[in-house]
Each structure stands twice: as structure tokens, then as C-alpha cells.
Amino acid sequence: MTGKGVLAVGLLLAMSAACGQELLIRNATVHTASAQGTLNNADVLVSGGTIRAVGTGLAAPAGAQVIDAQGKPLTPTLFGGITEIGLEEVSGEKATNDETLTLGAETKQMTVRPEFDVTLAYNPDSVLVPVTRIEGIGWTLLGAGTGAGGSIVAGQGGVVRLDGSADPVGPRELFVRIGGDAIGLSGNSRAAQWMILDQLIDEVRGRIPADANAALLTPAGRTTLARYIGGGGRVVVAVDRAADIRQLLRWSARHNVRIAIAGGAEAWRMAPQLAAAKVPVFVNPLGNLPYDFDQIGATMLNAARLRAAGVAVGFSQSGDASHNARKIRQLAGNAVANGLPWDDGLAGLTRVPAEAFGVADRMGSIAPGKRADLVLWSGDPLEVSAVALQVWMDGRAIEMRSRQTELRDRYIHSSTPAENGGLPRAYPQPAGR
């Protein structure tokens, strides 16, 4: 794009930000993330926060703002993965971490509370919300964590849109962790994890009386867990080892539990079985070398192999998933670089998570009737060198500003011109100047 072109787009975007939700984006490369695929030189018409039409030569309603995308990519806002955005502000400050229930930490007793719902602690004013949003990420799945004094059943989470709204959208998901990372929560044996899960099923179905000494669930816990058994809500299971995934598939089939897998470093070894059971897998495509004994078979071909077998593949990351949610585009790009088709890479950040977590009726693709949550990119959105030029949520242009851009702008300028030796304020001036 020429300098004049950048200026023209910038001015038009600024006008859109000020003028509201009636919007026509012209001449874009529209990646619909739907069965329509990619549409070249296409238009997207937005009214009242909703996509009204997608096609070519669309007429602009009276008063609508018109953006010339100049052929640049337009996508739905991206899925940020399973994170604690709005639940974890500063990792080292306990008062700002709300994702993990550890009621039994002092007594060293396991407490099983599936009714624990992390969305009640969500803070839409978190500085991570705009930091993540201006990177083209419009929504995330809030996950519940596990820790000593809790159990392998972490609790519930849900989808939140990063538009500043306070409440989750769509159904809740139940989070469970099994495998080597969780044996400290199950008497130091992964075999006990299946014993515990089977006991919880027995309690829900009344085979263990609620007042039995061995009972683990509260009345609210039984009610909550019952919603996830028999084909109900989705259970997101963090698991990596192929042998554990095999047991998980047997357990979910036995009790008719709808599952999704988070992590799945060795999921490719169970790809045909996962495809047959219609289990979506949210992988970290950067997993290559074994991080622990549950990931001996980790490979960067994981996503491609799963998809080739017919598994719905999405993306998530571990470690700094909240503070660096922006990296999820890099994950998808690496999966594409290792054999995953490009369209499936984008679907893993849009349609696949929307379908898995029950929000596909309004999000995750560009189609009439969907929320107008859109991103205009400078280039290929799966390339780390591309940036989000503009994000719209419900058709409203989002101010492309965050705490990080404010710090950048504060320190990038110098009071002394560069030609006179001036440096950005972040750099100390040499002695004698």
C-alpha cells in the first residue's frame, strides 16, 4: 500500500470509529471461515452490529460509512485460545489470580467442586483485554485451573468476547486435567484419576448416597456435573499421552460425555479414534520436543496429521497463554508450515472453536446474521509479520490502543531531533550531552 493509501484507509477508519455501526467494507479478500471459503474483491455490509450481506457490488445504505479495504484480508475476529484473560492480571500477585480453586490447600484434602465457575470473577477492565483485542483476537474461552487442595475436576469456564462486556456468551464448559501433570491430585497415580471420575458418575446417578462418607460432591456439584453427562455440555480435558487419550475415549463413550482435548501432544497417535468419536483437539503446534514423559511423541506435524484423519483441529497454548495470547496466530502459522492446509489453520482460530464451544450461531465466521466482529489485516493473518489494521466488534470500530501502545508512544519520542543525536526517551543520554 502506498503512503497515500495508508493515510486514506486511516482516515476512513477513524471516521468509522466515530460514526457507529452502519458499515460497508468494500474490495476485501474475505476469508469467511465458512463453506464459502475465500472471496476475492468482496464486500461485507454491516447494520445494527450484524453482518447483513456478503458479496460483490453491494450498495451502501444512506449514511453508512464505506471502507475501501484495497484487497487486504478480512477475517472474523480470532479465538485467543483457552486463557485466563480477565482472571489473571499479575501472575505473582495472588489477589489478581482467580482461575484456580484450592479450598483444601491448608488441610491437604482433595475438594471436588465442579460448580466452581471462573466466569463470575471475570474482569472486563483487565489491561489484557485491549492488549489482546488490538491484535485481532476478539474472544477467548476462560478456563479453570487445577492446584493442590483442588482436584482433577477444575470447574467451569465459558466464552467471553473481548469487547468490554461483562458476561460470558454461550454455554459453560467443564475443565478436567488428567495424566502426569495431575497425578499429585490423585494419590500419585493416574489410574486413580479414572477411579475418581467413575465415582463422580456414580454419585450423580445415585449409586452412592449423597450422605455417604465417601461422597465427594456437594448437592450443587451433583447438579452441575449431571449437566455434562449423557450428551450434555462439553468437557474440556487437558491430556497429552496417547494411552491416556485412549482411556479418555473409552470413559467418554461409556458415560456419553462430549469431550474436547486441550494439549494432546500425542493425539496424532489416536487420530482415527478421535475422528470417529468427533472429538475436537486444541493443540499447541510448537510442541516438538518432549517437555515431559507424557509428550514423548510430540511433533510439529500433530495438527496436520490429526486434520488429515478428519479431526477438527483448533489451537491453544500453555504457559503464557493469557499475557501473550497474540502468539496464537504464530501457532496456527507454524501448523500450516508443517502441513496443515491454510484454510484449516484459519478455521482452527475461528469456526472450529466456535462450533466446539457452542457459539457458532453468532461467531466464528463471516456470514449474514453473524455478529460483525471483524478484522482487517495488513497481510496474511497467519504470518507473524502481518498486523491488525482495524478491529470491529458488533460493527463498531475499536480504538487500536492499549497500555502497551501508550507506553510505546510515551517513550519512543525524543525532545531532541534524531538528526541532532536525539534518542528515544527509553534510552539514557550519553554522558556529556
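The rules we used
Residues numbered from 1 in each chain as written. Predicted model: local features only at pLDDT ≥ 70, side-chain atom pairs only at ≥ 80, totals over all residues. Heavy atoms only, no water. Helix = DSSP H or I, 4+ residues; strand = E, 2+ residues; numbered from the N terminus. Rg over C-alpha atoms; globule rule 2.2 N^0.38 Å. Buried < 20%, exposed > 50% of the residue type's maximum accessible area, 1.4 Å probe, protein only. Contact = heavy atoms within 4.5 Å. Lys, Arg positive; Asp, Glu negative; His and termini not counted. Charge placed at Lys NZ, Arg CZ, Asp CG, Glu CD. Expected span 1.5 Å × (residues − 1). Phe/Tyr/Trp six-rings, centres within 6.5 Å; stacked < 30°, edge-to-face > 60°. Lys NZ or Arg CZ within 6 Å of the ring centre and 35° of its normal. UniProt positions renumbered as here; feature names shortened; annotations may be inferred. Pairing = 2+ DSSP bridges. Axes fitted to C-alpha atoms, helices over the stretch in contact; angles between N-to-C directions. pLDDT = per-residue confidence, 0-100. Polar contact = N/O pair within 3.5 Å; in protein donor to acceptor, adjacent residues only side chain to side chain. Core = buried A, V, L, I, M, F, W, Y, C linked by side-chain atoms within 4.5 Å. Parallel < 35°, antiparallel > 145°, perpendicular 65-115°, else oblique. Nonpolar A, V, L, I, M, F, W, Y, C, P; charged D, E, K, R; others polar. Salt bridge = Lys/Arg side-chain N within 4 Å of Asp/Glu carboxyl O.

Chemist: Describe in detail the overall build of the chain, supporting the description with residues and values.
Modeler: Tallying secondary structure elements over the chain gives eleven helices and 16 strands in all. Over its C-alpha atoms the chain spans a radius of gyration of 23 Å, differing by no more than 12% from the 22 Å that the globule rule assigns to 433 residues. Dimensions along the principal axes, computed over C-alpha positions, put the chain at roughly 75 × 60 × 40 Å. Across the 433 residues of the chain, 51% fall into the buried class. Pairs at least 24 residues apart make up 66% of the contacts formed inside the chain by residues separated by at least 6 positions. Charge separation in the chain, taken as the distance between the mean sites of 40 positive and 40 negative side-chain charges, equals 3 Å.

Chemist: Give a description of helix 5 (residues 242-255) that names residues and reports values.
Modeler: Its 14 residues place the ends of helix 5 20 Å apart at the C-alpha level, agreeing with the 20 Å of an ideal helix rising 1.5 Å per residue. Inspection of helix 5 places Ala242, Asp244, Ile245, Leu248, Leu249, Trp251, Ser252 and His255 among the buried residues, and these make up the whole buried set. Where helix 5 is buried, its residues meet helix 3 (191-204), strand 10 (234-239), strand 11 (258-263) and helix 6 (271-276). A positive phi of about 55° marks Asn256, the residue just after helix 5.

Chemist: Describe the packing of aromatic side chains, listing the residues and the values that go with them.
Modeler: Evaluated as defined, the whole model comprises four aromatic pairs. Taking the centre distance of 4.8 Å and the plane angle of 45° together, the rings of Phe79 and Trp139 count as tilted. Here Trp139 lies in strand 7 (residues 137-142) and Phe79 lies in strand 6 (residues 78-83), a separation of 60 residues in the sequence. The burial state of Phe79 is the same as that of Trp139; both residues are buried. By way of ring pairs, the aromatic residues Phe79, Trp139, Phe282 and Phe357 are connected into one cluster. The ring of Trp268 is capped by Arg305, whose NZ or CZ atom sits 4.6 Å from the centre of that ring.

Chemist: Give a description of helix 3 that names residues and reports values.
Modeler: With 14 residues, helix 3 should cover 20 Å at 1.5 Å per step; its first-to-last C-alpha distance of 21 Å lies within 8% of that length. Taken together, the buried positions of helix 3 are Ala192, Gln193, Trp194, Ile196, Leu197, Gln199, Leu200, Ile201 and Glu203. Along its buried surface, helix 3 packs onto strand 8 (153-161), strand 9 (169-177), helix 4 (219-226) and helix 5.

Chemist: Can you tell me about the UniProt feature "domain: Amidohydrolase-related" (unreviewed entry) in the chain, naming the residues and giving the values?
Modeler: Mapped onto the present numbering, the UniProt feature "domain: Amidohydrolase-related" (unreviewed entry) falls at residues 310-382. Taken end to end, residues 310-382 is 30% helix and 10% strand, and its two terminal C-alpha atoms sit 22 Å from one another.

Chemist: Could you give an account of the sheet that holds strand 8, naming the residues involved and the relevant values?
Modeler: One open sheet accounts for eight strands, arranged 6-7-8-9-10-11-12-13; its pairing is mixed. At either margin of the open sheet sits one strand with a lone partner, and together these are strand 6 and strand 13 (313-315). With direction set aside, neighbouring strand axes in the sheet form an average angle of 30°. Where strand 7 lies against strand 8, three bridges are found, and the strand directions are antiparallel. Bridge assignment links Thr140 to a residue of strand 8, and that residue is Val160. The strands touched by helix 5 are strand 10 and strand 11; relative to strand 11, the strand with the most contacts, the crossing angle is about 165°.

Chemist: How would you explain the confidence of the model for the chain if you had to name every residue and give the values?
Modeler: Confidence in the prediction of the chain, expressed as mean pLDDT, is 92, and 93% of residues score 70 or more. Note on residues 1-8: pLDDT under 50 across the span, and five contacts to partners over four residues away in sequence or across chains.

Chemist: So what's going on with the side chain of Thr32? Residues and values would help.
Modeler: Checked against the element boundaries, Thr32 lands in the loop between strand 1 (23-31) and strand 2 (38-47). The class of Thr32 is buried, set by a relative accessible area of 0%. Among the polar contacts listed, one links the side chain of Thr32 to the backbone oxygen of Gly37, at a separation of 2.7 Å. With near-sequence residues (within four places) excluded, Thr32 lies in contact with Gly37, Leu39, Pro76, Ser365 and Ile366.

Chemist: Describe the nonpolar core, naming the residues involved and giving the relevant values.
Modeler: Grouped together as the largest cluster of nonpolar side chains are 89 residues, with contacts concentrated most on Leu197, Leu248, Leu274 and Leu306. Ignoring sequence-local partners within four residues, the contact set of Leu306 consists of Ala267, Trp268, Ala271, Leu274, Val281, Val283, Val311 and Val313. Among the nonpolar cores identified, the runner-up in size contains 18 residues, and Leu23, Ile25, Ala42 and Leu376 belong to it.

Chemist: An account of the packing of helix 3 against helix 4 is requested, with residue identities and associated values reported.
Modeler: The interhelical angle for the contact between helix 3 and helix 4, taken along N-to-C directions, is 100°, at an axis separation of 9 Å. As summarised for this structure, helix 3 and helix 4 are arranged roughly perpendicular, according to the angle between their axes. Side by side, helix 3 and helix 4 meet where Leu200, Glu203 and Val204 of the first sit next to Arg222, Leu225 and Ala226 of the second. When its residues are assigned to classes, the contact of helix 3 with helix 4 shows four nonpolar, no polar and two charged.

Chemist: Lay out the pattern of salt bridges in plain terms, naming residues and giving numbers.
Modeler: One pass over the full model with this rule turns up 21 salt bridges. Residue Arg26 is joined to Asp43 by a salt bridge in which the shortest nitrogen-to-oxygen separation is 3.6 Å. Taken together, the residues span a long stretch of sequence, with Arg26 in strand 1 and Asp43 in strand 2 at a distance of 17 residues. Overall, the relative accessible area of 30% leaves Arg26 in the partly exposed class. Residue classification places Asp43 among the buried positions, given a relative accessible area of 4%. The partner of Glu355 in a salt bridge is Arg351, with the nearest N and O atoms 3.7 Å apart. Residue Glu355 and its partner Arg351 are both found in helix 10 (residues 351-356); the two are separated by four residues, about one turn of the helix. A relative accessible area of 27% places Arg351 in the partly exposed class.

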